[in-house]
Amino acid sequence: MEEKQKKSNGKTILCVAVVLILLAAVAAILVPKLLNKEEQKDTYVVAIDAGHQAHANHDQEPVGPGADKMKDKVSSGTTGVSTGTPEYELNLIVALKLQKELESRGYTVIMVRTTNDVDISNAERAEMANNANADAFIRIHADGSEDSTVTGMMTICQTKKNKYNGKLYKKSRALADCVLNGMVDITGNPKSKVWETDTMSGINWAKVPTIIVEMGYMTNPEEDELMATEEYRDKLAKGMADGLDSFFKK
Ligand SMILES: [Zn+2]
């Protein structure tokens, strides 16, 4: 009788031990996988807005949700001083290159526009990125200045005090830094900065991390001609994609 009890106790202990070992093994495999899934998604959604459109829309809209201050729905943009290229055309060409580059790297891309003949306000553009629940919203522009000697690229995001989406500041600022660095690295263009401002409707209406990319000055003859070349446009798009990779730590 005693002998039997001992044997059965031994069996129970063995069974419990085996179950525990199996549970530990399963946990060791599953837990890191679950943690990883939270940190890295299978695909990131990037919304791309090619700034402006063929015809400006000077109707007014609030600069942010519930704002009294109004701004043009879509302003005219600048023009290449040497090439005569309208900014909306350049923006779309680079936006389409960025779309191709990002899709080849596994991103899901939402395009605000794929033609120049549209009428979409800046607030509506931000709503499109919001509705897509984009992980990042990139608004592509080129700059203009009354001073034709001014050159260089910059990215723009909100300030941390932005009353509409200041809580997105940290992510947007990181996005602005990453994309700017990506473009500087690939083009070797040393003149650059991040500008923090709460004056941009398309940023204020956004509920996802958002930046404006100012690729260079179309009012500077050399930079205008540079941005008119296929090679430099490719570099700009690749640089932005590199920046997004580093933002998502891919
Ligand atoms: Zn612009």
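Everything below is about the structure printed above this text.
Just so it is clear, the model here is predicted, and its values are computed rather than measured.

(A) Focus on the overall build of the protein. Across its full length, the protein holds seven helices and eight strands. Each of the 250 residues in the protein was classed as buried or not, and the buried ones make up 40%. Restricting the contact set of the protein to residue pairs at least 6 apart, pairs at least 24 apart contribute 79%.

(B) Molecular detail of the nonpolar core. Counting residues in each nonpolar core, the largest one holds 51 residues, and the members touching the most others are Val 46, Ile 48, Ile 138, Val 179, Ile 211 and Met 240. Per-element accounting of this core gives the leading share, seven residues, to helix H2 (residues 87–104). Sequence-distant contacts of Ile 48, that is, excluding residues within four places in its chain, are made with Ala 95, Leu 98, Gln 99, Val 109, Met 111, Val 112, Ile 138 and Ile 140.

(C) Expanded view of the packing of H2 against helix H7 (residues 230–247). Following both chains from N to C, one finds H2 and H7 inclined at 50 degrees, their axes separated by 9 Å at the closest point. If you check the angle between H2 and H7, you find them oblique. Regarding H2 and H7, the two cross each other, and that crossing is right-handed. Residues Ile 93, Val 94, Lys 97, Leu 98, Glu 101 and Leu 102 of H2 touch H7, and the partners they reach there are Arg 233, Asp 234, Leu 236, Ala 237, Lys 238, Met 240, Ala 241 and Leu 244. For the contact of H2 with H7, the residue count by class is nine nonpolar, no polar and five charged.

(D) Local environment of the packing of helix H4 (residues 169–187) against H7. At a minimum axis separation of 7 Å, H4 and H7 run at an interaxial angle of 135 degrees. The angle between the axes of H4 and H7 places the two elements in the oblique class. Handedness of the crossing formed by H4 with H7: right-handed. Across the interface between the two elements, Ala 174, Leu 175, Cys 178, Val 179, Asn 181, Gly 182, Met 183, Asp 185, Ile 186 and Thr 187 of H4 pack against Lys 235, Leu 236, Lys 238, Gly 239, Met 240, Asp 242, Gly 243, Leu 244, Ser 246 and Phe 247 of H7.

Calculation notes
Residues numbered from 1 in each chain as written. Predicted model: local features only at pLDDT ≥ 70, side-chain atom pairs only at ≥ 80, totals over all residues. Helix = DSSP H or I, 4+ residues; strand = E, 2+ residues; numbered from the N terminus. Buried ≥ 20, exposed ≤ 12 C-beta atoms within 10 Å, placed from the backbone. Contact = placed C-beta atoms within 7 Å. Core = buried A, V, L, I, M, F, W, Y, C linked by C-beta atoms within 7 Å. Axes fitted to C-alpha atoms, helices over the stretch in contact; angles between N-to-C directions. Parallel < 35°, antiparallel > 145°, perpendicular 65-115°, else oblique. Left-handed = near helix turned anticlockwise from the far one by under 90°. Nonpolar A, V, L, I, M, F, W, Y, C, P; charged D, E, K, R; others polar.

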